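Understanding the architecture of this molecule
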Amino acid sequence: MLPEVRPHVSSTLADQLEHRLGLAPHLDAGHLDVEGVAGIAVVAAAHSDGYAATGHLLGLLAALPAPAEAGERFWSDLWRSSGTAYLLPVNIKALVLRSLAGEGTALARQILSAVDEMTPPQRIAAGEVIGQALVESDHFPDLKTQVIGELWLRDLELTAWRVLHADRRRDDAAGRKAFVDAWTSV
């Protein structure tokens, strides 16, 4: 029988496989039967939204200049224009590294805090800085930097929300039953 799994990105896929299916982390694949493979597919599918959103979040950050000497000017300009230090590499490095391991909720919260902290003029100014960097790195000289930057910020914000939404810890048996009851009573 296949396991019922709800997506919780906060619990890694390997942990879920061990907990839900009793699969040791270093199990030889030759020891799996069809039901074991199907169980792995179910658990992986339950995690896919959260992992995909976290991967996209990291992809957006990877499009920015690397936080090395060459990118120092970009990051200082972003800090000044946005009015927030939440996005500085020194403040998100550990969160980015945790996200690479599949735990993106802390990074998502940090990003949403940064965007929320910006005033509308700061958001416009930050979008201009980001757009300029993206236009230069992606060789889009015919696109407006402010538009590109605003689209990037919107995508970052929406993707951070998707990471958090995929990690809904409230999704338990009672919550699912209440949802079904509400829809069946309509």
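Each remark here, short or long, concerns the structure printed above.
Quick summary incoming for the structure in this document. Keep in mind that what you see is a predicted model, and the values were worked out from it rather than measured. (Residues numbered from 1 in each chain as written. Predicted model: local features only at pLDDT ≥ 70, side-chain atom pairs only at ≥ 80, totals over all residues. Heavy atoms only, no water.)

On to the layout of surface pockets. What the largest pocket holds in volume is close to 220 Å³. Lining the largest pocket are L58, L61, A62, L64, P65, A66, P67, W75, P89, I92, K93 and V96. Within the residue set of the lining of the largest pocket, elements represented by two or more residues are helix 2 (34-62) and helix 4 (89-100). Ranked by residue count, the leading element in the lining of the largest pocket is helix 4, at four residues. Along the lines of polarity and charge, the residues of the lining of the largest pocket split into eleven nonpolar, no polar and one charged. As for the second largest pocket, its lining consists of P65, A70, R73, F74, D77, V129, Q132, A133 and E136. Going through the elements one at a time, helix 3 (72-82) and helix 6 (120-138) are the ones with two or more residues in the lining of the second largest pocket. Class assignment of the residues belonging to the lining of the second largest pocket gives a composition of five nonpolar, one polar and three charged. (1 Å grid on protein atoms, 1.4 Å probe; cavity = no way out; pocket = protein on both sides within 12 Å on 5 of 7 lines; lining within 4 Å. Points joined across faces, edges and corners; volume = space filled by probe spheres on them. Helix = DSSP H or I, 4+ residues; strand = E, 2+ residues; numbered from the N terminus. Nonpolar A, V, L, I, M, F, W, Y, C, P; charged D, E, K, R; others polar.)

The next subject is the packing of aromatic side chains. Summed over the entire model, instances satisfying the criterion amount to two aromatic pairs. Note on F74 and W75: the rings are 5.0 Å apart at their centroids and 80° apart in plane angle, and the pair reads as edge-to-face. Looking at F74, the relative accessible area reads 8%, which means it is buried. A relative accessible area of 8% means that W75 is categorised as buried. Between F179 and W183, the aromatic rings sit 6.1 Å apart at their centres with planes inclined by 50°, giving tilted as the arrangement. With a gap of four residues between them, F179 and W183 both fall in helix 8 (residues 173-184), about one helical turn apart. Side by side, F179 and W183 carry an identical accessibility label, which is exposed. (Phe/Tyr/Trp six-rings, centres within 6.5 Å; stacked < 30°, edge-to-face > 60°. Buried < 20%, exposed > 50% of the residue type's maximum accessible area, 1.4 Å probe, protein only.)

Worth remembering: the numbers are spatial, not functional.
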